[in-house]
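Coordinates in review
What follows is the residue order along each chain.
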Amino acid sequence: MQTIGKLEVLRKRVADLRESGKTVALVPTMGALHDGHLTLMRRAREAADHVVASIFVNPRQFGEGEDLDAYPRQLQRDSELLEAEGVALLWAPQPDEVYPTGYATNISVAGVSEGLCGGDRPGHFDGVATVVCKLFNQVLPDMAFFGEKDWQQLAVIRRMARDLDLTRPHVEAIIGVPIVREDDGLAMSSRNSYLSAEQRAQAAALPKAMRDAIAVIAQGGAVGRPLGNLREVLQVSGFDSVDYAEVRDADSLERLEADNGNARLFVAARIGGTRLIDNMAIHAQ
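Computed from a prediction, not measured in an experiment: that's the story for all the values here. (Residues numbered from 1 in each chain as written. Predicted model: local features only at pLDDT ≥ 70, side-chain atom pairs only at ≥ 80, totals over all residues. Heavy atoms only, no water.)

Secondary structure assignment for the protein chain yields 10 helices and nine strands. The C-alpha atoms of the protein chain give 19 Å as radius of gyration, which agrees with the globular expectation for 285 residues (19 Å, within 12%). For the protein chain, the spread of C-alpha atoms along the principal axes amounts to about 55 × 40 × 40 Å. Counting over 285 residues, the protein chain shows a buried share of 51%. For the protein chain, the share of sequence-separated contacts (at least 6 apart) that also reach a separation of at least 24 residues comes to 72%. Split by element, the accessible area of the protein chain, about 13100 Å² in all, is 47% carbon and sulfur. Here the protein chain contributes 31 positive and 40 negative side-chain charges, whose respective centroids are spaced 2 Å apart. (Helix = DSSP H or I, 4+ residues; strand = E, 2+ residues; numbered from the N terminus. Rg over C-alpha atoms; globule rule 2.2 N^0.38 Å. Buried < 20%, exposed > 50% of the residue type's maximum accessible area, 1.4 Å probe, protein only. Contact = heavy atoms within 4.5 Å. Areas by Shrake-Rupley, 256 points an atom, 1.4 Å probe, with all protein chains shown as cover. Lys, Arg positive; Asp, Glu negative; His and termini not counted. Charge placed at Lys NZ, Arg CZ, Asp CG, Glu CD.)

Moving on to the UniProt feature "binding site: (R)-pantoate" (unreviewed entry) in the protein chain. The feature "binding site: (R)-pantoate" (unreviewed entry), as annotated in UniProt, sits at Gln61 and Gln153 in this numbering. Of the residues just listed, which span 93 residues, no C-alpha pair is farther apart than 11.2 Å, and they cluster in one region. Mapped onto the fold, Gln61 is located in the loop between strand E3 (50-55) and helix H3 (75-84). Judged by relative accessible area, Gln61 falls into the buried class, the value being 9%. Setting aside chain neighbours within four positions, we find Gln61 in contact with Met30, Glu66, Arg121, His124, Gly127, Val128 and Val131. (UniProt positions renumbered as here; feature names shortened; annotations may be inferred.)

A separate point is the packing of helix H6 (residues 124-139) against helix H7 (residues 151-163). Direction vectors running N to C along H6 and H7 enclose 55°, while the axes themselves pass 10 Å from each other. Classed by the angle they form, the pair H6 and H7 counts as oblique. The crossing of H6 and H7 is right-handed. From H6, Phe125, Val128, Ala129, Val132, Cys133 and Phe136 reach across to H7, where they touch Gln152, Gln153, Val156, Ile157 and Met160. Looking at the contact of H6 with H7 residue by residue, the classes come out as nine nonpolar, two polar and no charged. (Axes fitted to C-alpha atoms, helices over the stretch in contact; angles between N-to-C directions. Parallel < 35°, antiparallel > 145°, perpendicular 65-115°, else oblique. Left-handed = near helix turned anticlockwise from the far one by under 90°. Nonpolar A, V, L, I, M, F, W, Y, C, P; charged D, E, K, R; others polar.)

Moving on to the packing of aromatic side chains. Enumeration over the complete set of coordinates arrives at four aromatic pairs. Plain terms: the ring middles of Phe56 and Tyr99 are 6.2 Å apart, the flat faces sit at 50° to each other, and that makes the pair tilted. With Phe56 in the loop between E3 and H3 and Tyr99 in the loop between helix H4 (95-98) and helix H5 (117-120), this pair connects stretches of sequence that are 43 residues apart. Across the pair, Tyr99 and Phe56 agree in class, each one buried. The interplanar angle of 70° and the centroid separation of 6.5 Å between the aromatic rings of Phe136 and Phe146 together place this pair among those described as edge-to-face. With Phe136 in helix H6 and Phe146 in strand E5 (residues 143-147), this pair connects stretches of sequence that are 10 residues apart. Arg60 extends its terminal NZ or CZ atom over the ring of Tyr99, reaching a point 4.7 Å from the ring centre. The ring of Trp151 has Arg264 lying over it, and the distance from NZ or CZ to the ring centre is 3.8 Å. (Phe/Tyr/Trp six-rings, centres within 6.5 Å; stacked < 30°, edge-to-face > 60°. Lys NZ or Arg CZ within 6 Å of the ring centre and 35° of its normal.)

This part takes up the UniProt feature "active site" (unreviewed entry) in the protein chain. In this structure's numbering, the residues bearing the UniProt feature "active site" (unreviewed entry) are His37. Within the element layout of this structure, His37 appears in helix H2 (residues 35-47). Here His37 is in contact with Thr29, Gly31, Ala32 and Ser190, once residues within four sequence places are set aside.

Pasting the structure below:
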């Protein structure tokens, strides 16, 4: 596996991979890899001839007071993990390579970016859409893989790609991969490493409370009471606050007051200084 930090080199190496009609899959990440990321690499390897992974801690998707400086960076370890998964190229640019002096363009996706994490983190999804658009144009992949833990992010990327005509010929398919969970159900996340041992044990209450709420919501009726119970359970279990607990349509992300047969439960909650997010389908897929 070759690690590349300059765009002109990346484009040449990707062109080499494409010889004889070979296909290329892109898996964007911010590093601090865990088995959820590695599952994306495996799915990409199954679908394409070559995999290009990116590691870039994108400053434009971090708001004021968020953890940009503290975000874990462990390029050597991540490189070894990617090489073991058969990744062909690692695109690991510095910020000034992605956003050179004078950079002035921003992409904003309305609708699906509103509310949920978009409400709590103003400008976050502008940063996501902008960097992913740049990654698509830099790598020109046939397909790209994203984890469903960031369901709203996936919806933003799909909308952006459709609206900007990136789905063909740049990216034929944007593929969501189901959440990979720990044995106790907690969704794998790089931010889990911020938790103390006590907080990590308390965090297991999140997926359990979500499953309990889903069991009630799936029976029909208004979602207000089960969502209220979910909030109470999390705060009793050691969470400091709940940013949101909502039921939304899985495709449009329209907020729902009752299950419509295509609904998902979305939750963001804070424990200590760590913000955890999760989402689950109301009905098994």
